[in-house]
Each structure stands twice: as C-alpha cells, then as structure tokens.
Amino acid sequence: MIKAVLFDLDGTLANSLQDLADAVNYALKLHGYPTHETEAFKMFVGDGIPKMIERALPEDHRNPDTVELLRSNFLEFYSVHYADNTASYEGIQELLSELKKRELIIAVVTNKAQDMADIVVSKLYGDTFKFVFGKRDGVPAKPDPTLTLLAMKDLGVEPNECIFLGDSGVDILTGLNSGALPVGELWGFRGEAELRENGAAHIITKPLELLDILDQIKECEAE
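Nothing here was measured: the structure is a model prediction, and the numbers come from that model.

**Student:** Honestly, the environment of N111 in this entry has me stumped. Any pointers?
**Tutor:** Secondary-structure assignment places N111 in strand β4 (residues 105-113). With a relative accessible area of 12%, N111 lands in the buried category. In the structure, N111 is positioned 64 residues away from D47 in sequence and 6.7 Å away in space, judged by C-alpha atoms. Sequence-distant contacts of N111, defined by excluding residues within four places in its chain, comprise G46, D47, G48, K135, A141, K142 and V170. Polar side-chain contacts of N111 include one of 3.4 Å to the backbone oxygen of G46. Only 2.8 Å separates the side chain of N111 from the backbone nitrogen of K142, close enough to count as a polar contact.

Pasting the structure below:
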C-alpha cells in the first residue's frame, strides 16, 4: 500500500533551470571560462552543485580546487537570485491537492541545500509541504539512499510504501536504492531513455498521471 510520495525538487516540482544556469554562468564568466546556453544545463544538473559546476567547466580545469572556487562564486550569486525565474510546473498543484485528499504523505527529497530548498518550496507551494529534506553536511547526495531513508524514517513509512518521483536517472536510482517505487517524469530536464536505462518502473508525461499509477497499485492489491 502506497502511503507517501517523495518528490525530487529541481526539474520535478520547480522549473529552476534558468536561475541555476545564470548562477553557474556568473561564476564561469568571473574567471574567464566559457559560458553555456541555458538548455545545456539540463545535462549538468541532478547530482548537486559541485558536480554541476564540474560538468560546466572545460575538461582540463575540472579539479577540486577550481570546482570549490566556482562553487563559492555560484552560491554568492544564487543565494540572491535563486528564485528570480523559478516556477512551478503546470499540473503539480492539482496533483498535490489530490494526493492530500487521498491522505497520502508528500515530501521533498533533493540535492539542493536545505536552506535554499526550504525557501524555493515555500515560495512555490506555500505550506503545502511540511517535510523538505535537502542536502546537509555529512549526508551523501542522491542517488545514495541515506537522505531518502532518513526521510522515510521521519515520515514513519516503509520503503515499499513510497513512490519516488523525479526527472533524472539519479532520481530513479535513488528510488531503487532506497526501496521505493521509482517513477520517472518527462516534464523536467532529462529524457525517457535515461529514465528507462536506470530502471524506472513507470514513466509519466503529466503530473496527474501519477494518480493512475496509484489506482493501478490499489487495484492489484485488492485482487
């Protein structure tokens, strides 16, 4: 029985690509590195800030010291401009309302830093989400399951009672690694091939299609 839906943030609940691109490009430009078109960041995001910056750097400059330097510049800019263009995706608010009507627990599990995740979720969804689990010191980033398992423990649910919904292979692996049902979505930053290659149990194109999956699971359990 599904009791909780765990949501990725960037590319699932929040279309944050422009703000992330602007902040990375600011850091790159500051040090004379080439910048990138916003669309390119669809393949840079998903594994946390350091990995995003590493992917944006020229290959011969991808070393820990340079990544850390640009990370500090990124945060300097992003901490002010993290929500300039970030918006909710169409249909998400309706999905959340339906999940609450069904008395399912909803939570966010993200590689975005906790303080920024809290603010972005609050800006887009008010107090809809009472549980936001962001990146914190000492806890490895997704797809490592540690944060997701901590979230499940705090929510009082078992892994097999959860759906993990996200737009990338990292999210699918997070679901698999934590024992949740991994569901991929196509309104975010990545594509269907990546989701299938990493083992998505289901793939949806619109938020409300998640309700169909929940109905299917309920029907199977009733048989």
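**Student:** Just checking my understanding: could you explain the state of the cysteines for this structure?
**Tutor:** In protein structure, a disulfide is the covalent linkage between the sulfur atoms of two cysteines. Under the defined criterion, the tally for this structure stands at zero disulfides. In this structure C162 is not part of a disulfide, and its nearest cysteine sulfur, from C220, lies 18 Å away. Of the residues examined, C162 reaches a relative accessible area of 0% and is grouped as buried.

**Student:** Can you help me understand the nonpolar core in this one?
**Tutor:** A general feature of soluble globular proteins is that nonpolar side chains tend to end up buried together. Grouped together as the largest cluster of nonpolar side chains are 55 residues, with contacts concentrated most on F7, F74, L99, F129 and L210. If one sorts the elements of this core by residue count, helix α1 (residues 17-30) sits on top with seven residues.

**Student:** Even after reading the chapter, I still don't get the pattern of salt bridges, so can you show me in this structure?
**Tutor:** Once their charged atoms are close, side chains differing in charge can pair, the charge on each being opposite to the other. In the structure shown here, the tally under the stated rule is 12 salt bridges. Where K51 meets E54, a salt bridge forms, and the shortest distance between an N and an O atom there is 3.3 Å. In this pair, K51 and E54 both sit in helix α2 (residues 49-56), three residues apart, roughly one turn of the helix. Relative accessible area serves as the criterion here: at 30%, K51 is assigned to the partly exposed category. Measuring nitrogen to oxygen at the nearest pair gives 3.1 Å for the salt bridge that ties R71 to E68. In this pair, R71 and E68 both sit in helix α3 (residues 64-81), three residues apart, roughly one turn of the helix. Classification of R71 by relative accessible area gives partly exposed; the value is 27%. Residue class for E68 comes out partly exposed when judged on its relative accessible area of 40%. Via salt bridges that share partners, D8, K142 and D171 belong to a single interconnected network.

So, how was this worked out
Residues numbered from 1 in each chain as written. Predicted model: local features only at pLDDT ≥ 70, side-chain atom pairs only at ≥ 80, totals over all residues. Heavy atoms only, no water. Helix = DSSP H or I, 4+ residues; strand = E, 2+ residues; numbered from the N terminus. Buried < 20%, exposed > 50% of the residue type's maximum accessible area, 1.4 Å probe, protein only. Contact = heavy atoms within 4.5 Å. Polar contact = N/O pair within 3.5 Å; in protein donor to acceptor, adjacent residues only side chain to side chain. Disulfide = S-S within 2.5 Å. Core = buried A, V, L, I, M, F, W, Y, C linked by side-chain atoms within 4.5 Å. Salt bridge = Lys/Arg side-chain N within 4 Å of Asp/Glu carboxyl O.

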